[in-house]
Amino acid sequence: MPNDPMAEIKASFFIECDELLESLQDALTEIEEGAHDGETINIVFRAVHSIKGGAGAFGLEALVAFAHRYETVMDEVRSGRFEVSVEAVKLFFQAADLLADEVHAARDSQPEPEGAEACLKALEALLGTDRLAEAETDDAPPDFQPMGLSLDLAADFDIDQTPPDAHVLHFKPHADLYASGNEPLYLLRALADLGPLETEVDFSAIPPLDAIDPEAAYLSWTLRLDRTLDEAAIRDVFDFVEDVCDLEFGSRENPLDSFGDVTSLLQFDAGTSGNDENAPAGFGAPLAAPPPEPTPDPDPPSPPSRAGEANEPDRAGMPPMTPPTPATGTPAADPGATVRVDLERIDRLVNLVGELVINQAMLAQSVTEAGLPPNSPVMTGLEAFMMLTRDIQDSVMMIRAQPVKPLFQRMARIVREASSAVGKEVKLRTEGEATEVDKTVIERLADPLTHMIRNAVDHGLEPTETRVAAGKPREGVITLCAQHRSGRVVIEVTDDGGGINRKKVFAKAVEKGLVPADSHLSDSEIDNLLFLPGFSTADQVSALSGRGVGMDVVKSSIQALGGRIAITSEPGKGTCFSISLPLTLAVLDGMVVNVANETLVVPLSSILETATLTSEDIRVLGPETHVIHLRGAFVPLYDLGAELGYRAPKSNYEGGIVLLTAQENGDRSALVVDAILEQRQVVIKGLQQSYGHIPGVAAATILGDGQIALILDPADLVDNASGRTGSRDLTLAG
């Protein structure tokens, strides 16, 4: 048994915190863009409040303290007593970043992050000390002053006047709700945010003053909301207190049927003491065992009342801490159920699927060698098995796929911190946040993107005065975009700065001895000098850059993922760094080819077409270089066997087979192979850890006959190719 029985529950809480922090960042971004509506501000408030409530349940005092003060400020904003300004939004973002740091510090048992107190004081100073004190007073529990009068509360809550299309629920906190730091007032406010809310408080359980236990819970509430609201959204409000309270819904036909005698429920007993009926309500206790479910009326049919449930089907898939959203007239369809699974289990499943693919290929190889007829039962069954294997593989890959949105949100923080460090006004725009990529790829992209974002802020964007003088907006814009293209995922980091100063780059490269002074380099070649180790154009070493470490690390990290990076820049308009990555690091579709008796695999996504060469197709371009003429265009020819060192260039390419490939920038190339064997799905086996980066080779795989084959990277192969397709004494037709 684990030492901490709460470890699993606490781990779930921190996962839910990540979801809340994501919704918090989204809402703050909308506020920054001018959306100051009540619902957007409520999302911010509810996210902070939910984190505070959960943290209180686990005794995370530092996190509770920070979230409480942040929550108090946001409560002032949503009440309309504080007008949101540009400076306030910046502080809200800073507080959200520090709240994330507080969550991670609590999760990893680390010290409280620096700057938290300073940020909160800046927020409170912006709000005003007097107003903040008033807000804290408003949130304090009401003073209890016994009253010796009898209140007929049921008179104001007429059963006959309760419409049949209303949600009616009874809420009774336990003492543990208050002990965990929760407040009924905030829960009632959250319910009111969903729609019109009617409340009735029951004082009947309050004993005489001399018998009151200050740590007990005596009050309960009967609440009524519009039936058009999604019940799951209502239950979400109580997610963090569902185990420390009683929560019971009425039936659809008669919302109060399940409460029994409502008059006795609401009647204030003589001889007891109570508060003013308008006193604020307080929430905050764990749910008790659910009461028995009422039997539904068989005619007409209706769903049974569900009391105190935690994981009913209509709630499945709803993140427990996700802030509720208002209904839009008709109940929203319940989302599909979701299950959180440890990543190691998924990785093991991926590995097993890889082995399944290899065994399926071996079985297919054995059946083919046996010479069975195509229509035999074995061949038919094998084809069905191959289709099933593909479906399983696709499904497992979908499990690992995740949207890049959380990664992009992390980059937003990098932009804020970097722009503050260099004194520039910078805004981050994101596109394609829903683009899904393998989780492993996302995790390993964080560091390269961080370097690129900082480089764009420090080097790419001009100082504010320079931008204004050039007629540009004061605020620089960095665009982070993700999209699927040709079976790969492409992520672009674009700035609207001054572009690459190629003269300065070339001069720095000569000064550092990276290139000869008499070199004649194209614009693209000069741009790629930025990726050389130790290269930097910074005149001074700053907190962000200047030490010559960064872009070379970026390129190495991208290559380790089987990807490529390219630069395009236009003076005065900006620079774009484009990263091309495989969708997954597990399985790919490939073309199996033979070159000099070696079996190789070329990714199918990089092949445009195949062709057989004729003498009319081939053109001589110098003594050792040739191109092919293809539909009015000339494409460079590369001898794959010669480039990989398997043999010398051929003496004649007439009748040879070529694979026409394309790179992300549109450049095409023709790779000469000896034969095309088949198209096959192959399992990727990395070589980086054992052999490092091999030019032109992305990975390896195991074929059906047990043979190991290299998986090529055509773009990297072309970038490092010699281009020799002949010798000086070679004569060729055409």
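Preceding this paragraph is the structure being described.
Residues numbered from 1 in each chain as written. Predicted model: local features only at pLDDT ≥ 70, side-chain atom pairs only at ≥ 80, totals over all residues. Heavy atoms only, no water.

Peer 1: So what exactly am I meant to see when it comes to the sheet that holds strand S4 (residues 245-249) here?
Peer 2: Strand pairing in a sheet is mediated by backbone hydrogen bonds. Such pairs are either parallel or antiparallel. Judged by pairing direction, the sheet is antiparallel, and its four strands sit side by side in the order S2-S3-S1-S4 without closing on themselves. Strand pairing shows two members of the sheet lacking a second neighbour, strand S2 (197-202) and S4, which therefore form its edges. For this sheet the average axis-to-axis angle between neighbouring strands, irrespective of direction, equals 20°. Sheet topology places strand S1 (residues 166-173) next to strand S3 (residues 220-226); six bridges connect them, and they run antiparallel. Note that in S3 the partner of Leu169 across the bridge is Leu223. Where helix H8 (residues 184-194) meets the sheet, it contacts S1, S2 and S3, and its direction lies at approximately 15° from that of S3. (Pairing = 2+ DSSP bridges. Helix = DSSP H or I, 4+ residues; strand = E, 2+ residues; numbered from the N terminus. Axes fitted to C-alpha atoms, helices over the stretch in contact; angles between N-to-C directions. Contact = heavy atoms within 4.5 Å.)

Peer 1: Would you mind going over the pairing of S3 with me for this structure?
Peer 2: On any regular strand, side chains alternate: one points to one face of the sheet, the next to the other face. For S3, a buried count of six out of seven residues is recorded, marking the element as mostly surrounded by other parts of the structure. As judged from the six bridges shared by S2 and S3, these two strands associate in the antiparallel manner. Counterpart to Glu200 in the pairing with S3 is Thr222. (Buried < 20%, exposed > 50% of the residue type's maximum accessible area, 1.4 Å probe, protein only.)

Peer 1: Could you clarify how one ought to interpret the sheet that holds strand S9 (residues 488-495) in this entry?
Peer 2: Overall, mixed pairing links the five strands, which are arranged S6-S8-S9-S11-S10 in an open sheet. Two strands close off the open sheet at either side, each with one partner strand: strand S6 (426-431) and strand S10 (564-570). For this sheet, the mean angle separating the axes of adjacent strands, direction not counted, is 15°. Bridge count between S9 and strand S11 (residues 574-582): eight bridges; the pairing is antiparallel. Its bridge partner being in S11, Glu492 is matched across the sheet by Ser578. Taken strand by strand, helix H13 (residues 405-422) contacts S6 and strand S8 (476-485), and its axis lies near 165° from that of S6.

Peer 1: Got a minute to help me understand the packing of helix H14 (residues 439-460) against helix H18 (residues 551-560) in this structure?
Peer 2: Any two packed helices are characterised by how steeply their axes cross, that is the angle between the axes, and by the distance between the axes. At their nearest, the axes of H14 and H18 sit 9 Å apart, and the two run at 150° to each other. By the criterion of interaxial angle, the relationship of H14 to H18 is roughly antiparallel. For the pair H14 and H18, the crossing hand works out as left-handed. For the pair formed by H14 and H18, the contact residues are Arg444, Leu445, Pro448, His451, Met452 and Asn455 on the first element and Met551, Val553, Val554, Ser557, Ile558 and Ala560 on the second. Its residues assigned to classes, the contact of H14 with H18 shows eight nonpolar, three polar and one charged. (Parallel < 35°, antiparallel > 145°, perpendicular 65-115°, else oblique. Left-handed = near helix turned anticlockwise from the far one by under 90°. Nonpolar A, V, L, I, M, F, W, Y, C, P; charged D, E, K, R; others polar.)

Peer 1: For this particular structure, what's the right way to read the pattern of salt bridges?
Peer 2: Any two side chains of opposite charge can pair, given that their charged atoms come close. Under the criterion given, the structure shown has 31 salt bridges. For Asp75, the salt bridge is made with Arg78, and the minimal N-O distance between the two is 3.0 Å. Within this pair, Asp75 and its partner Arg78 are both found in helix H3 (residues 61-78), separated by three residues, close to a single helical turn. Note on accessibility: Asp75 and Arg78 belong to one class, buried. Note that Glu417 and Arg413 form a salt bridge whose closest N and O atoms lie 2.9 Å from each other. With Glu417 and Arg413 both in helix H13, this residue pair falls four residues apart, about one helical turn. Taking relative accessible area as the criterion, Glu417 reaches 40% and is therefore assigned partly exposed. Here the salt bridges do not stand alone but share partners, grouping Glu39, Arg46, Asp75, Arg78, Arg189 and Asp193 into one network. (Salt bridge = Lys/Arg side-chain N within 4 Å of Asp/Glu carboxyl O.)

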